[in-house]
Amino acid sequence: MSLFSSKSVSPVDVLSKILADSYVLLLKTQNVHWNIEGSKFRSIHITTDEHYNNLFEAIDCIAERIRMVGGKAPATFAEFTKLASFDEKVDTDNQNEMLATLLSSHEAIRGDIISGIKQLDGSDDFGTIDVLNSRLAFHDKVVWMLKATLKK
Ligand SMILES: [Fe+2]
């Protein structure tokens, strides 16, 4: 039961999807952090460290927001796999392809966040919208950085 009157959409559903996306992307980001090889090793190793730390903190914030609005936070890999918009695989050893995989996942989360904000627009759940806006700003920045890094 939500504390907030909104239209048909539940903030719990919106947040649960972003939580799942973020958890899967955390693992993907660590995969690249650990396994990347090549000329971009140092910069990507350092950047992915920043990114997975950001995601780790965000995951806690999103899960706690789910509790605040009356939901139960999904907390199993089975649920995350089912809810996320992309899988955890990084099926390449090529550094640019690894970055492209991360880029596409960040873009997918952006899409899910934007869709969630639009669905909650008009509700009085400003706290959830604030959490989503703050996540969007992070993914916007990472998309920009990854695109700049991949530019030929
Ligand atoms: Fe590390």
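Residues numbered from 1 in each chain as written. Predicted model: local features only at pLDDT ≥ 70, side-chain atom pairs only at ≥ 80, totals over all residues. Heavy atoms only, no water.

A. View of the overall build of the protein. Looking only at helices and strands, the protein has five helices and zero strands in total. Secondary structure elements in the protein, listed N-terminal to C-terminal, are α-α-α-α-α. Here the C-alpha radius of gyration of the protein, 16 Å, is about what a compact globule of 152 residues would show, namely 15 Å. Along the first, second and third principal axes, the C-alpha set of the protein runs to 50 × 30 × 20 Å. (Helix = DSSP H or I, 4+ residues; strand = E, 2+ residues; numbered from the N terminus. Rg over C-alpha atoms; globule rule 2.2 N^0.38 Å.)

B. Main features of the side chain of R135. As for its position among the elements, R135 is in helix α5 (residues 126-150). Those residues in contact with R135 that lie beyond four places of it in its chain are N54, L55, A58, I62 and I113. (Contact = heavy atoms within 4.5 Å.)

C. Summary view of the nonpolar core. Of all hydrophobic cores here, the largest spans 42 residues; its most connected members are L15, L19, V32, I62, I113 and L132. Sorting the residues of this core by element identifies α1 (11-35), α2 (41-68), α4 (95-120) and α5 as the ones contributing at least two each. Top element by residues in this core is α1. It accounts for 10 residues. Excluding its chain neighbours within four sequence positions, the residues that come into contact with I62 are L15, I18, L19, S22, V131 and R135. (Core = buried A, V, L, I, M, F, W, Y, C linked by side-chain atoms within 4.5 Å. Buried < 20%, exposed > 50% of the residue type's maximum accessible area, 1.4 Å probe, protein only.)

D. Geometry of the pattern of salt bridges. All chains considered together, the criterion is met by four salt bridges. For the salt bridge of D87 with K89, the shortest nitrogen-to-oxygen distance reads 3.6 Å. For K147, the salt bridge is made with E107, and the minimal N-O distance between the two is 3.5 Å. A residue pair is termed long-range when its members are at least 10 positions apart, and K147 in helix α5 and E107 in helix α4 qualify at 40 residues. Assessed through its relative accessible area of 46%, K147 is described here as partly exposed. (Salt bridge = Lys/Arg side-chain N within 4 Å of Asp/Glu carboxyl O.)

E. Geometry of the packing of α1 against α2. Viewed as axis vectors pointing N to C, α1 and α2 meet at an angle of 155 degrees, and their least axial separation amounts to 9 Å. With respect to α2, the element α1 is oriented roughly antiparallel. The hand of the α1/α2 crossing is left-handed. (Axes fitted to C-alpha atoms, helices over the stretch in contact; angles between N-to-C directions. Parallel < 35°, antiparallel > 145°, perpendicular 65-115°, else oblique. Left-handed = near helix turned anticlockwise from the far one by under 90°.)

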